[in-house]
Amino acid sequence: MLAAVGVCVVFAGFSAVLSQPFNGVHLEPDQSTRVPNGWRRLERVGESESVVLTFALKQQNVEKLEELFWKVSDPDDEKYGAYLSLEDVTSLVEPSKETVEMVGRWLRGSGVTDCTTVLTRDFVECSMPARKAERLLGGVKFHRYTDGKQTVVRSEVKYLVPRHLKDHLDFVGGVHRFPSGLKLQKKEKTYEPNFHLGVYPSIIRGRYNLSETDIGSDPKNAQAVAQFLEQFYRATDLEEFMRLWGGGFTHLTKTAKVVGPDSGSAGLEASLDVQYIMSSGANISTWFWSTAGRHESQEPFLVWLTGISNMTSVPWVHSVSYGDDEDSLSADYMQRINTEFMKAGTRGLTILFASGDSGAGCREVSKDKNVFRPSFPASSPYVTTVGGTMFHSPYEVGDEDADYISGGGFSNVFDMPDYQTDAVESYLNKSTKLPPKSYYNTSGRAYPDVAALSDNYWVVMDLIPTPFISGTSAATPVFAGILSLINDMRLQQGKPALGFFNPLLYKSGWDLLYDVTEGCNLGCLDDLTNLQGFCPTEGWDPVTGWGTPNFALMKKLV
């Protein structure tokens, strides 16, 4: 994924010296090193086995980048839609010469030479023997871990870097964070007479007012899904899915491009992502971003994120089903990830994340005291987050209620952005079913922003139609595909792509979407909340955002 472009520039002229003991400092002191539930430690990694580390170099002009990000994203700003090229972004944020030299000297002096960098020159990925990596990072100990489906190489001992590099590195990837992804659920259903038989493309397109002519046609348009669960999709499954449910609208039966490994075992998540973004965003060129087959020590999410910074031309819309508990991640790591989202936004990219499938979440902070548990990147102010809904009546395709699994709440790390202040304050003032205030941070970034059906999907896997699949990772590609249709219409008229959607959304949410006002998401199982999280109300709410798509009205965005 990473290009060798610039490596000679980065490391030229550095003398190899014997590594010396250093005065170390923790870059991410608040990063959890706990082994997640479901994972278990295996053997110590052999001293000559290779590990791959990703070094996030400090960027320049991050404040200027954010200023530009808001300008090109605000429909009321004269710079709205005046997006930057990757070359422009690189010129703005690439690390200083001093940072490049300091980090390069440290790596080279430690005998680490097998390194590559991205086009924006702010990530460097290096391969080295495990024991050399352990010495490089101040005594970490790499072990192999498994969840029964995949193995990773990680350390439970926190890493150190030389103190003089503290102002030159944001974090080192491939050491502590375990792979995370939103796994679809299978909800068993008992059908009764007249029960509609689940969600498939004609249900989606009918409910969200997509006619047979609402398809893509602009050759400059493209959309993408990213997969982090060691899964792939099979082209034959996509073809069978479209044969079964692709009638009534023009569609494609093949993806245009696979970024990363182009083979692997078929999985529900990967299959659903491709099948439904290509049904709602019909006839639009679609990329599949694969991290299957990555090195055991790589972080799949970083593989995707650095890939975005390493390609001059990428799809306009990205659907991503990925999330971690905010409290399991370091603040510096999350802030750097936010900067990467800003880089994408200034290029005109629209990035949507699933809000998660644990409702408001729950964390025990002390005996008899719980709080809600927000998820990241769902809680990032710089992405559009998609919650989930289900049909109000199982007997008809009509109004939707909040899905109880729909992730939603308030960040404990990021302040509420200006674009949503009025909407959130209105919700807090008029809702009659608010949980106790001790459970959430009313001044934090609130999410989700929008929603779509997340319950009872049909998916084809291994040529077998599979029912009852549920999760906000089903809702996200549906909403992403619909935004791709909006982009298609804008591009045909010579207008810029939507870019970061939220500023425009919060200025016009009432006019674009179906409002959802019934149902609640899950909270904590205790006496104070009794499993109830947040409940929707008229307008924006932290369960379904502004609501679900109504394409007939969303065309106003063109």
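Residues numbered from 1 in each chain as written. Predicted model: local features only at pLDDT ≥ 70, side-chain atom pairs only at ≥ 80, totals over all residues. Heavy atoms only, no water.

Under an unreviewed UniProt entry, the protein has the name Tripeptidyl-peptidase 1 and belongs to Branchiostoma lanceolatum. Here the protein is described in UniProt, under the heading Subcellular location (unreviewed entry), as follows: "Lysosome". UniProt lists a comment for the protein under the heading Catalytic activity (unreviewed entry), and it reads "Release of an N-terminal tripeptide from a polypeptide, but also has endopeptidase activity." (UniProt positions renumbered as here; feature names shortened; annotations may be inferred.)

Moving on, we come to unusual backbone geometry. Only a minority of non-glycine residues have a phi that is not negative, and only a minority of peptide bonds are not trans. That bond from Phe-376 to Pro-377 is cis: its omega, 10°, falls within 30 degrees of zero. Position of Pro-377 relative to the elements: it lies in the loop between strand 19 (375-376) and strand 20 (384-391). In this structure, Pro-448 follows Tyr-447 across a cis peptide bond, with omega equal to 5°. Assignment of secondary structure puts Pro-448 in the loop between strand 23 (444-447) and strand 24 (450-453). At Asn-61, a position not held by glycine, the phi torsion is positive, near 55°. Here Asn-61 is to be found in the loop between strand 3 (50-57) and helix 2 (62-73). (Helix = DSSP H or I, 4+ residues; strand = E, 2+ residues; numbered from the N terminus.)

Right, let's talk about empty space enclosed by the protein for a bit. Tallied over the entire structure, the rule returns four cavities of 30 Å³ or more. The computed volume of the largest cavity comes to approximately 80 Å³. If you go around the largest cavity, you meet 13 residues; those closest to its centre are Ile-308, Ser-309, Glu-340, Lys-343 and Ala-344. Of the residues forming the lining of the largest cavity, the biggest block, four residues, is contributed by helix 10 (residues 331-346). (1 Å grid on protein atoms, 1.4 Å probe; cavity = no way out; pocket = protein on both sides within 12 Å on 5 of 7 lines; lining within 4 Å. Points joined across faces, edges and corners; volume = space filled by probe spheres on them.)

Here helix 12 (residues 472-492) is 21 residues long and its end C-alpha atoms lie 31 Å apart, about the 30 Å a rise of 1.5 Å per residue gives. Burial of helix 12 is extensive: 19 of the 21 residues sit out of reach of the surface. Gly-494 sits one or two residues past helix 12 and shows a positive phi near 80°. (Expected span 1.5 Å × (residues − 1). Buried < 20%, exposed > 50% of the residue type's maximum accessible area, 1.4 Å probe, protein only.)

This paragraph deals with the pairing of strand 16 (residues 350-354). Burial analysis of strand 16 places five of its five residues in the buried class, which makes it a mostly covered element. Alternating residues of strand 16 divide into Thr-350, Leu-352 and Ala-354 and Ile-351 and Phe-353, and every residue in both groups is buried. The pairing of strand 14 (residues 317-320) with strand 16 spans four bridges and is classified as parallel. Residue pairing for strand 16: His-318 is matched across the bridge by Ile-351. With three bridges connecting them, strand 16 and strand 20 associate as parallel partners. Bridging across to strand 20, Phe-353 finds its partner in Thr-385. (Pairing = 2+ DSSP bridges.)

On to the sheet that holds strand 6 (residues 142-146), then. The three strands are arranged 2-6-7 in an open sheet whose pairing can be described as antiparallel. The strands lining the two open edges of the sheet, one partner per strand, are strand 2 (40-44) and strand 7 (151-155). Sheet twist, expressed as the average angle between the axes of neighbouring strands with direction ignored, equals 40°. Relative to strand 7, strand 6 runs antiparallel, the two sharing five bridges. Looking at strand 7, one finds that His-143 is bridged to Arg-154. (Axes fitted to C-alpha atoms, helices over the stretch in contact; angles between N-to-C directions.)

Our next topic: the state of the cysteines. Counted according to the given criterion, the structure contains three disulfides. In this model, Cys-115 is linked to Cys-126 through a disulfide, with the two sulfur atoms separated by 2.1 Å. With the S-S bond torsion at 110°, the cross-link from Cys-115 to Cys-126 turns out right-handed. Highlighted residues: Cys-115 in strand 4 (residues 114-117) and Cys-126 in strand 5 (residues 123-129), separated in sequence by 11 residues. Cys-115 gets classed as buried once you look at its relative accessible area, which sits at 6%. For Cys-362, the disulfide goes to Cys-524, at an S-S distance of 2.1 Å. Taking the sign of the S-S torsion, 110° for the link of Cys-362 and Cys-524, the bridge is right-handed. On the criterion of sequence distance, the pair formed by Cys-362 in the loop between strand 16 and strand 17 (363-366) and Cys-524 in the loop between strand 27 (513-514) and strand 28 (548-549) is long-range, its members being 162 residues apart. Given the relative accessible area of 33%, Cys-362 is considered partly exposed. (Disulfide = S-S within 2.5 Å.)

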